[in-house]
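Structural overview for review
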Amino acid sequence: MNEPYISGTVGEGNENIGANEESLRMVSSQPVGNEPVSDEELRPHVLDGFIGQPRLKAQLQLFLDAARKREVPPDHILLAGPPGLGKTTLAMIVANELGVPIRITSGPAIQHAGDLASILSSLDAGEVLFVDEVHRLPRAAEELLYIAMEDFRVDVMVGKGPGASSIPLTLPRFTMIGATTREGMLPSPLRARFGFTAHLDFYPVGELEKLVERSSSVLGIALDEGSAHELALRSRGTPRIANRLLRRVRDWAIVHDLPSVGPEDVKEALSLYQIDAEGLDRLDIAVLNAIVRNFNGGPVGLNTLSAMVGEESETVETVCEPYLVREGFLIRTPKGRVATEKAWAHLGIRPTEDVVNKLF
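Residues numbered from 1 in each chain as written. Predicted model: local features only at pLDDT ≥ 70, side-chain atom pairs only at ≥ 80, totals over all residues. Heavy atoms only, no water.

Let's shift gears to the environment of Gln 274. Structurally, Gln 274 is set in the loop between α9 (263-272) and α10 (282-295). Note: C-alpha distance between Gln 274 and Ile 285 (11 residues apart in sequence) is 9.3 Å. Not counting residues up to four positions away in its chain, the partners in contact with Gln 274 are Leu 280, Asp 281 and Arg 282. (Helix = DSSP H or I, 4+ residues; strand = E, 2+ residues; numbered from the N terminus. Contact = heavy atoms within 4.5 Å.)

Structure below.
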C-alpha cells in the first residue's frame, strides 16, 4: 500500500496542536456514494504510471534503485522545465517510490531564513523536502540551504549584538527536491549541490494522446476514437493544459447528455472557448491578427503590439509569445516581432508580393 503524501509543514506522527475537536474529522481516500473523483487523482503515484519523458524516467529509476540498494536517501534532485510538465508529480512519485513522507513548500512562501530553518529542523531521517519555484528563495535562505544540503546542519543565531552566538544543529539526512521554471536564475553554488538534474521537455502529440486516454478513464469520460488526438493537438505539448481541456470537454458532454465524446464534439466544445486546431487561443489569434493585418506582417515593437491587443506587454511576452515562437508562427528580431509564412497561412490571408520578397 502506498504511503500517504504529507504536505505543508505536517510531518508523520505530528499532532494537531490547538485544533478544536469539532474541527477534526476522518477523511477517506475513497469516494463515497456519488462523490466525484478528485482531479488530484489524475497524478500517477508510481514512476511506471508516469507518461512521457522516457529518458528522464530511465535516469530517475536508476537513481532511485541505486539509493534503495545502498539503503541511504538519494542525493538532492533538481527538476527544471516549463510549467505544467509534471515537476510536482515527479516529486511526489519520488517520495512514494522511496516510501517516505514529503514536505511541500515553495520559494515565495519562505520569507526569512528562520522559516526555512524551522522546516529543516523538523525533518525526519530520509524525508523528502520539495521546494517549488526554488529560484525565488530569498538570499538569506539560500545561504542557509547551502550548508543544510551539503553538511546536513544549520547554524541558528541566538541573541543579538555583541552577545549573539551561533549554535549548530545537526539535521538527519534528507532529500531535497527543487523545482524551477527558470534554471538560469539559480545561483551556481545552489545548482551545484543537486546530485541529479532532470530537464523536462514538451510532450509530443502521441504521448499526450496516451495521457488524455488515461485521464479520461480516471474521470469516467468515454472518448471515441480520434477524440484523444484532437485534444492532444490543442494541448500545446503540456499535460496540465491537456487535462484542463479534457475537463472542459467533460463539462460539454455532461450538459449535452452525451454518452461518449467524439472528435467533432471535442472541436465544437473547444471552439466555444476559442481554442483552434493548433491550440491557439483568443490572445494568440489577436496577436497574429495585429501583426499581419495592421502591420503587414511586421516588424512591430512589443509595446505597440500590446496596446493593439489590449494586454500588458509582460502578458504578451511571457504568456503568448513563447508558444508562437516555438511553433513557428512568430519571429523575434531586433526591430520587433515578425509574422512567419505559417502565421499568414493559419489566418487564411495571402501575403502581398512585397511581404513575400521581404520575408520568404
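Right, let's talk about the packing of aromatic side chains for a bit. Two measures describe an aromatic ring pair: the distance that separates the ring centres and the angle between the ring planes. Applying the stated criterion across every chain yields a total of 2 aromatic pairs. Judged by centre distance (5.1 Å) and plane angle (25°), the ring pair of Phe 63 and Phe 196 falls under stacked. In this pair, Phe 63 is assigned in helix α1 (residues 54-70) and Phe 196 in strand β7 (residues 196-199), connecting sequence segments 133 residues apart. Side by side, Phe 63 and Phe 196 carry an identical accessibility label, which is buried. Residues Phe 152 and Phe 174 carry aromatic rings whose centres are separated by 5.5 Å and whose planes lie at 90° to one another, so their mutual orientation is edge-to-face. Of the two residues, Phe 152 sits in the loop between α4 (139-151) and β4 (153-158) while Phe 174 sits in the loop between β5 (165-170) and β6 (175-180), which places them 22 residues apart along the sequence. Comparing Phe 152 with Phe 174, the two get one shared label, buried. Across from the ring centre of Phe 202, 3.6 Å away, lies the NZ or CZ of Arg 326, which sits over that ring. (Phe/Tyr/Trp six-rings, centres within 6.5 Å; stacked < 30°, edge-to-face > 60°. Buried < 20%, exposed > 50% of the residue type's maximum accessible area, 1.4 Å probe, protein only. Lys NZ or Arg CZ within 6 Å of the ring centre and 35° of its normal.)

As for its placement among the helices and strands, Asp 265 is situated in helix α9. Buried charge without a partner: Asp 265 forms no salt bridge, and the closest opposite charge is Lys 267, 11 Å away. For Asp 265, the side chain forms a polar contact with the main-chain nitrogen of Gly 262, separated by 2.9 Å. (Lys, Arg positive; Asp, Glu negative; His and termini not counted. Salt bridge = Lys/Arg side-chain N within 4 Å of Asp/Glu carboxyl O. Polar contact = N/O pair within 3.5 Å; in protein donor to acceptor, adjacent residues only side chain to side chain.)

Turning our eyes to something else, we now look at the nonpolar core. One finds Leu 60, Ile 77, Leu 90, Ile 177 and Leu 231 to be the most contacted residues of the largest nonpolar core, which totals 47 residues. Examining the composition of this core, we find that 7 residues originate from one element, helix α8 (residues 239-255), more than from any other. When residues are assigned to domains, this core turns out to be shared by domain 1 (47-199) and domain 2 (205-273), each giving three or more. The residues contacting Ile 77, other than those within four sequence positions of it, are Leu 60, Phe 63, Val 94, Met 176, Ile 177, Gly 178, Phe 194 and Phe 196. Membership of the second largest hydrophobic core comes to 25 residues, among which are Ala 117, Leu 137, Val 154 and Phe 194. (Core = buried A, V, L, I, M, F, W, Y, C linked by side-chain atoms within 4.5 Å. Domains from an automatic or database assignment.)

Once that is clear, we can look at the sheet that holds β7. Strand order across the open sheet formed by 5 strands is β2-β3-β6-β1-β7, with parallel pairing between neighbours. A single partner strand is all that each edge strand has here, and the edge strands are β2 (102-106) and β7. Across this sheet, the average inter-strand angle for adjacent strands is 15°, counted without regard to direction. Bridge count between strand β1 (residues 77-80) and β6: 4 bridges; the pairing is parallel. Note on β6: the bridge partner recorded for Leu 78 is Gly 178. Across the sheet, helix α2 (residues 87-98) lies against β1, β2, β3 (128-132) and β6, angled at about 180° from β3, the strand it touches most. (Pairing = 2+ DSSP bridges. Axes fitted to C-alpha atoms, helices over the stretch in contact; angles between N-to-C directions.)

Let's shift gears to α1. Each α-helix turn comprises 3.6 residues. Residues three or four places apart therefore point the same way. Taking 1.5 Å of rise per residue, the 17 residues of α1 would be expected to cover 24 Å, and the 24 Å separating its terminal C-alpha atoms lies within 8% of that figure. All buried positions along α1 are accounted for by Leu 56, Leu 60, Phe 63, Leu 64 and Ala 67. Looking down the long axis of α1, one finds its buried residues gathered within 90° of arc, a one-sided arrangement. Along α1, exposed side chains directed more than 90 degrees from the buried face belong to Pro 54, Arg 55, Leu 62 and Lys 69. Contacts from the buried residues of α1 go to β1, α2 and β7. Note on α1: the residue one or two positions beyond its end, Glu 71, has a positive phi of about 60°. (Expected span 1.5 Å × (residues − 1). Arc of directions from axis to C-beta.)

Next up on the list: the packing of α10 against helix α11 (residues 302-309). Taken N-terminus to C-terminus, the directions of α10 and α11 make an angle of 110°; their axes are 9 Å apart at the nearest point. The angle between α10 and α11 places the two elements in the roughly perpendicular class. As for how α10 packs across α11, the hand of that crossing is right-handed. Across the interface between the two elements, Leu 283, Ala 286, Val 287, Ala 290, Ile 291, Asn 294 and Phe 295 from α10 touch Thr 304, Leu 305, Met 308 and Val 309 from α11. Tallied by class, the residues present in the contact of α10 with α11 amount to 9 nonpolar, 2 polar and no charged. (Parallel < 35°, antiparallel > 145°, perpendicular 65-115°, else oblique. Left-handed = near helix turned anticlockwise from the far one by under 90°. Nonpolar A, V, L, I, M, F, W, Y, C, P; charged D, E, K, R; others polar.)

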